[in-house]
Amino acid sequence: MDTQQPSPESSSEECTVLEAPLGNSGCQEHAGKEAALYCAQCECAVCDDCLLQGHDGHPTCPLDHALQLQRTALQEGLAAAKTRLPQIADALSFVKEILHQLANLRASNEEDIQSSFDDLHKQLDVRKSVLLMELEVTYGLKQKVLQAQVDGLLRGQGEIEASCAQTEEALAGEAGALGLRAERALAERLRRLSGHGLPCQPEENDHLDLVLETDMLRKSIHNLGTILTTSAVASQSEAMGPGLEQCIVGHSASVTVVTRDKTGGACKNGNAILSAEVFTPDGSIVDGEIIDHQNGTYRCVFTVPKLGDFSLAVRLYDQQIKGSPFRLTVTTATEAEVELSPPTTTGPSSMANATPSTGSSDGARTRGKSPGQKKKGSRKTSSTLGTPIRKKQNPIEDDLIFKIGLKGRNKGEFNNLQGVATSTGRILIADSNNQCVQIFSNDGEFKSRFGVRGRSPGQLQRPTGVAVHPNGDVFIADYDNKWVSIFSGEGKFKAKLGSGRLMGPKGVSVDHNGHVIVVDNKACTVFIFQPTGKLVTKFGSRGNGDKQFAGPHFAAVNNNNEIIVTDFHNHSVKVFTPEGELVLKFGSNGEGNGQFNAPTGVAVDVNGNIIVADWGNSRIQVFDGSGSFLSYINTSADPLYGPQGLALTSDGHVVVADSGNHCFKVYRYLQ
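Here's a quick rundown of the structure. Everything quoted here is computed from the prediction, not taken from an experiment.

Some points on the pairing of strand β28 (residues 552-557)
Thought 1: Across the six residues of β28, six count as buried, placing the element largely inside the fold.
Thought 2: Pairing analysis gives four bridges linking β28 to strand β29 (residues 563-567), with the strands arranged antiparallel. Pairing of alanine 555 across the sheet is with valine 565, part of β29.
Thought 3: What sits between β28 and β29 in their antiparallel hairpin is a turn of five residues, with asparagine 561 showing a positive phi close to 65°.

Rendered as structure tokens:
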């Protein structure tokens, strides 16, 4: 071991090494003497003579013992260092992934900026051409009138001047009988010209001004667009508040998240990307609501539906914040609390007498329905609301045809199933926590499944939405991979789209033009892509306005190619044109007919009626095309628990992902 003694400036973490080379027992100070001892104070090998010359009274030990201790320390240090290598490799991979994602987002934003300003340039050029054309047409009309008037006046002027010249010439000569007729003709001509009504007043004006209201436009251009970001990091950010101390079943709980930068300093601006997820004892996930205070702090609101071991995971930019996941303490409300704050769920007895509303549901409406128009759809009794606890009672007849699945990882078993899609004779289920898509026949027979967990193209990381393109390709919203994966109908990976643009795709569907509609839950935006991955358009932002969303989930397309989106935390359903203009909005928070407690799945039947999975109320509601409540799907005998994706089968039945019960159910549906 040919090493040197460490310098006084060496770090305390560095290993202390012996000055004497390993295996050399001769003393470097006294030739012929064996260095059999080690001076701990001077950190060197010494002989007996050395002890008398400069090392007297210093602590010593046998050199072999010191060497053994040194080797042991080296081995321990080597083992400790090697254990750090996988951690560093993981961290390196993770940071490189973030760097790659940052580069993708930069490229995506650059493309959006270029395309947006190119479009503005085109619009400006078009407007410039229109203004120049209007100027030319207006000028031409005025010029034609005035030029015609000028030409007429010039002709009149010329005729009068010529007649006057002839008359003056005749008057200069001597009068005679021979010139009498000619003079009489001149006199008549002068009389006629003198009485001719020439247009001496302008028949047009010279008013041709240009008004360009550019001040507001310049101001708008100056403020056009902004780059949103924060310096917040998950490892320094923290949560606090009553929700971490106690949660009451059925009541909203909240925690406050304070975002901090890498040095621990509090961030002062908002717009950070946070998510709050409550993990239930059965493994399913309940999304919480994030409220941005725009000052670096955020409020996470969530509801625990029942007693049990629940945990809250708060992620900042997909990374757990300090202390997350948090174990929740869940209790029931006291009788006094119940009197003050009645539970949010309603039992079957209260809904059994519910009468379908004849008016419009709560919320804004931008298109109506004629009073005499007949509503389509069946009218049925309400489904059971609230937590689906099986009660000891006689079976209730409902619309359930069959259900498939239970919790597990095998074929035909599920763990937090989410999206549902149908094609001719097939039902496709996005099995989120099992990282796969399972395919069944319309009568529930298992056919196949595909998908493996991972973060590479072709792998899945929490698939939440699924749709089938008319060409047979299967589009899967891959929530944690932040893209949409495209597979063949047989499950062979083909491509991905939206990478670098999407932040948390939840739902996916296909419109009548073959465009792929992606509902980005985290970005609160609806993206429309061509199947090749080219962005057609996007609309929506975070908020509670008509064209804003708060955690949107799924989308469907009606016969007019309009896009119907469930706005989860805004408790409403919104209908948009393919260009993103609001057509219709209906629903409000509550348990009544036409109200929602966080809507999720949505589908449209052949008559344009809208079928909505009401997640928090554990029911399925049916509306007509103008948003008026029609009926419920009767699910009373085997209640739903947190329904998610919803679709219509090719034989006209409703299939819904019953995520809380880890199965999908098929119901009769009379159109």
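Structure's up, so let's keep going.
Examining the sheet that holds strand β21 (residues 474-478)
Thought 1: Spatial ordering of the open sheet is given by β20-β21-β22-β23, a layout of four strands whose pairing is antiparallel. Edge positions in the sheet fall to β20 (463-468) and β23 (493-497), since each has one partner strand and no second. The sheet shows a mean angle of 25° between the axes of neighbouring strands, taken without regard to direction.

A word on empty space enclosed by the protein
Thought 1: By the definition in use, this model includes one cavity of 30 Å³ or more.
Thought 2: Approximately 60 Å³ is the volume attributed to the largest cavity.
Thought 3: In this structure, the largest cavity is lined by Ile285, Val286, Asp287, Asn416, Gln418, Arg462, Lys506, His553, Phe568, Trp615 and Gln644.
Thought 4: The greatest single-element share of the lining of the largest cavity, amounting to three residues, is contributed by strand β8 (residues 285-287).
Thought 5: Classifying every residue of the lining of the largest cavity gives four nonpolar, four polar and three charged.

Quick notes on the side chain of arginine 315
Thought 1: Structurally, the position occupied by arginine 315 is in strand β11 (residues 310-316).
Thought 2: A distance of 2.6 Å separates a polar atom in the side chain of arginine 315 from a polar atom in the side chain of glutamate 277.
Thought 3: Those residues in contact with arginine 315 that lie beyond four places of it in its chain are Ile273, Leu274, Ser275, Glu277, Phe279, Gln320 and Ile321.

Regarding a nonpolar patch on the surface
Thought 1: A cluster of nonpolar residues, Ile113, Phe117, Leu120, Leu224 and Ile227, forms a patch on the protein surface that exposes about 430 Å² of accessible area.
Thought 2: As for its placement among the helices and strands, isoleucine 227 is situated in the loop between α4 (214-222) and β4 (233-240).

Description of the pattern of salt bridges
Thought 1: On inspection of all chains with the given rule, the structure shows 21 salt bridges.
Thought 2: Here glutamate 277 makes a salt bridge to arginine 462, at a shortest N to O gap of 2.4 Å. Pair noted here: glutamate 277 is in strand β7 (residues 274-279) and arginine 462 is in the loop between β19 (446-450) and β20, with a separation of 185 residues, a long-range link.
Thought 3: According to the relative accessible area criterion, glutamate 277 is buried, its value standing at 3%.
Thought 4: Among the ionic pairs, lysine 482 bridges to aspartate 318, the shortest N-O distance being 3.0 Å. Of this pair, lysine 482 sits in the loop between β21 and β22 (483-487) while aspartate 318 sits in the loop between β11 and β12 (319-320), and the two are 164 residues apart along the sequence.
Thought 5: Salt bridges linked by common partners bring Glu111, Asp112, Arg501 and Lys538 together as one network.

A closer look at the packing of helix α2 (residues 63-172) against helix α3 (residues 180-195)
Thought 1: Where α2 contacts α3, the axes come no closer than 10 Å and their chain directions differ by 150°. Where α2 crosses over α3, the two elements pack in a sense that is left-handed. Across the interface between the two elements, Glu159, Ile160, Ser163, Cys164, Gln166, Thr167 and Ala170 of α2 pack against Glu183, Leu186, Arg189, Leu190 and Leu193 of α3.
Thought 2: Residue classes in the contact of α2 with α3 are distributed as six nonpolar, three polar and three charged.

Considering the sheet that holds strand β17 (residues 426-431)
In sheet architecture, strand pairing relies on hydrogen bonds along the backbone and comes in two forms, parallel and antiparallel.
Thought 1: As summarised here, the arrangement of the four strands in space is β16-β17-β18-β19, forming an open sheet in which the pairing is antiparallel. This sheet does not close on itself; its edge strands, each paired only once, are β16 (417-423) and β19. The average angle at which neighbouring strand axes cross in this sheet is 20°, direction not considered.

Remarks on the nonpolar core
Thought 1: Ranked by internal contacts, the top residues of the largest apolar core, which has 29 residues, are Val257, Leu274, Phe302, Leu312, Val314, Ile321 and Leu328.
Thought 2: When contributions to this core are tallied by element, the ones reaching two or more residues are β4, β6 (252-260), β7, β10 (297-303), β11 and β13 (326-328).
Thought 3: With near-sequence residues (within four places) excluded, isoleucine 321 lies in contact with Ala234, Ser237, Glu238, Ala239, Val257, Val314, Arg315, Leu316 and Phe326.
Thought 4: One finds Phe554, Ile610, Phe623 and Phe629 within the second-largest nonpolar core, a separate group that totals 16 residues.

Observations regarding the side chain of aspartate 605
Thought 1: Within the secondary structure layout, aspartate 605 lies in the loop between β32 (599-604) and β33 (610-614).
Thought 2: Of note is the side chain of aspartate 605, whose polar atom sits 3.0 Å from the backbone nitrogen of glycine 608.
Thought 3: Polar side-chain contacts of aspartate 605 include one of 2.6 Å to the side chain of tyrosine 669.

Cut-offs used in this document
- Residues numbered from 1 in each chain as written.
- Predicted model: local features only at pLDDT ≥ 70, side-chain atom pairs only at ≥ 80, totals over all residues.
- Heavy atoms only, no water.
- Buried < 20%, exposed > 50% of the residue type's maximum accessible area, 1.4 Å probe, protein only.
- Helix = DSSP H or I, 4+ residues; strand = E, 2+ residues; numbered from the N terminus.
- Pairing = 2+ DSSP bridges.
- Axes fitted to C-alpha atoms, helices over the stretch in contact; angles between N-to-C directions.
- 1 Å grid on protein atoms, 1.4 Å probe; cavity = no way out; pocket = protein on both sides within 12 Å on 5 of 7 lines; lining within 4 Å.
- Points joined across faces, edges and corners; volume = space filled by probe spheres on them.
- Nonpolar A, V, L, I, M, F, W, Y, C, P; charged D, E, K, R; others polar.
- Polar contact = N/O pair within 3.5 Å; in protein donor to acceptor, adjacent residues only side chain to side chain.
- Contact = heavy atoms within 4.5 Å.
- Patch = residues over 30% accessible without salt bridge, like charges linked within 9 Å, V, L, I, M, F, W, Y side chains within 5 Å.
- Areas by Shrake-Rupley, 256 points an atom, 1.4 Å probe, with all protein chains shown as cover.
- Salt bridge = Lys/Arg side-chain N within 4 Å of Asp/Glu carboxyl O.
- Left-handed = near helix turned anticlockwise from the far one by under 90°.
- Core = buried A, V, L, I, M, F, W, Y, C linked by side-chain atoms within 4.5 Å.

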